[in-house]
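Read off the chains here:
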Amino acid sequence: MISAKKAKRIAGTTARVIILAAFLLVAVLPLFWIFITSLKGAKELYAIPLIYWPSNPSFDAYKKLFTYSNFGRYFFNSFKVTIIASCGAMVISILSGFALSRMRAIKAKGFLEVLMYFTQTIPSFMLMVPLFTMFSKLKLVDNHGTLIFVYIGTVVAFCTIMSRSFFDRIPVSLEEAAKIDGCNMIQSIVHVVLPTTLPGIAAIFCFAFINIWNELFLSVMLINKATKYTVPVALNSFISKAGVSWDLMSAGIVVALLPTMIVFGIGQKYIVAGLTDGGVKG
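Now for a look at the structure at hand. Values in this document were obtained by computation on a predicted structure and should not be read as measured data.

### Some remarks on the overall build of the chain
Stage number 1. Of regular secondary structure, the chain possesses 13 helices and 2 strands.
Stage number 2. For the chain, whose C-alpha radius of gyration is 24 Å, the value lies well above the compact-globule estimate of 19 Å for 282 residues.
Stage number 3. When the 282 residues of the chain are sorted by exposure, 38% land in the buried category.
Stage number 4. A separation of at least 24 residues holds for 77% of the contacts in the chain among residues at least 6 apart in sequence.
Stage number 5. For the chain, the accessible surface area stands at approximately 16700 Å², while carbon and sulfur atoms represent 72% of it.
Stage number 6. Averaging the coordinates of the 25 positive side-chain charges in the chain and doing the same for the 11 negative ones gives two points 5 Å apart.

Encoded structure:
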């Protein structure tokens, strides 16, 4: 006979497994369908009833994506913009996060922190009109430098909050000990503080990379020339008045997911730690 306590534990475990399996199905099924769609031929794309697995899987959509659609160029543009903007946001957030964590005598510190939290509540599409008006007057539209500058501005506030939380967890006594050994402030930061916060720095970079890589609204607004397209803009261009190029769209989505999957797979534990600690003063 199974005791009531053991039966209750088994029922609870079974319920959790079922719930997690349902969430997994909801998350994976769209990705599976996109991948299957990218392998279908032209006739199978619009077949009724739906074809759940192509009779002759083909990678023609991927070949067409990189030959006729110039997706390789768009991928390079997106990668360049994302890497530079992520590194820039990481450096700025490290400096500002350290200042917020260590310089406690600043009277405006509390106001600055509240202001940074407030910026996270502003949807990006609300910034589109003022940003486009400003950069068009400055003749800086269709410029990757402009896009990098805007992207840094959109992620640096939350990256600073994450950075500050990691610096708060490092005892000031380590820096004081380094100063006693003859290090100045810069040397103590470089040789003592930063090596201790490498997981936090990785979390900041991963957070910035994923958010910048997937951003659409600002890039569509600021980039109009086809040669300057980033991946989200290129995917958006597959939607036309004549319809949607589902084969190219699906293949492009699969390719576009690879960098974020790699970055998230490598840095997921750092991202979770950064997001958890970012809202809590350690």
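Once you've had a look at it, read on.
### Some remarks on helix 1 (residues 4-38)
Stage number 1. With 35 residues, helix 1 should cover 51 Å at 1.5 Å per step; its first-to-last C-alpha distance of 51 Å lies within 8% of that length.
Stage number 2. If you look at helix 1, its biggest bend is around 30 degrees, right at Val28, and the proline Pro30 turns up within four residues after that.
Stage number 3. Those residues of helix 1 that fall on the buried side of the exposure criterion are Ile36, Thr37 and Ser38.

### Side note on the nonpolar core
Proteins that are soluble and globular tend to have nonpolar side chains buried together.
Stage number 1. With 60 residues, the main nonpolar core has Leu65, Phe71, Tyr151, Leu235 and Phe238 as its most contacted residues.
Stage number 2. Excluding its chain neighbours within four sequence positions, the residues that come into contact with Tyr151 are Val81, Ala85, Ile212, Glu215, Leu218 and Ser219.

### Overview of the pattern of salt bridges
Stage number 1. Within the structure shown, the criterion is met by 2 salt bridges.
Stage number 2. Close ionic contact of Arg102 with Glu175 constitutes a salt bridge, the shortest N to O distance being 2.4 Å. Taken as a pair, Arg102 in helix 4 (residues 71-102) and Glu175 in helix 8 (residues 172-180) lie far apart in primary sequence, 73 residues in all.
Stage number 3. Exposure remark for Glu175: the relative accessible area of 7% places this residue in the buried category.
Stage number 4. One salt bridge connects Arg164 with Asp168, and the closest N-O pair in it is separated by 3.1 Å. Here Asp168 and Arg164 lie together in helix 7 (residues 144-168), a separation of 4 residues that amounts to about one turn.

### A look at the side chain of Ser69
Stage number 1. Position of Ser69 relative to the elements: it lies in the loop between helix 3 (60-67) and helix 4.
Stage number 2. For Ser69, a relative accessible area of 13% puts it in the buried group.

### Here we look at the packing of aromatic side chains
Stage number 1. Tallied over the full model, the rule gives 10 aromatic pairs.
Stage number 2. Consider the rings of Phe71 and Tyr74, whose centres lie 6.4 Å apart with planes at 85 degrees: the pair is edge-to-face. Remark: Tyr74 and Phe71 occur in helix 4; sequence separation between them is 3 residues, near one turn of the helix.
Stage number 3. Under the relative-accessibility criterion, Tyr74 is labelled buried at 10%.
Stage number 4. Taken together through their ring pairs, the aromatic side chains of Phe66, Phe71, Tyr74 and Tyr229 make up a single cluster.

Parameters and conventions
Residues numbered from 1 in each chain as written. Predicted model: local features only at pLDDT ≥ 70, side-chain atom pairs only at ≥ 80, totals over all residues. Heavy atoms only, no water. Helix = DSSP H or I, 4+ residues; strand = E, 2+ residues; numbered from the N terminus. Rg over C-alpha atoms; globule rule 2.2 N^0.38 Å. Buried < 20%, exposed > 50% of the residue type's maximum accessible area, 1.4 Å probe, protein only. Contact = heavy atoms within 4.5 Å. Areas by Shrake-Rupley, 256 points an atom, 1.4 Å probe, with all protein chains shown as cover. Lys, Arg positive; Asp, Glu negative; His and termini not counted. Charge placed at Lys NZ, Arg CZ, Asp CG, Glu CD. Expected span 1.5 Å × (residues − 1). Bend = angle between axes of the 7 residues up to and from the residue. Core = buried A, V, L, I, M, F, W, Y, C linked by side-chain atoms within 4.5 Å. Salt bridge = Lys/Arg side-chain N within 4 Å of Asp/Glu carboxyl O. Phe/Tyr/Trp six-rings, centres within 6.5 Å; stacked < 30°, edge-to-face > 60°.

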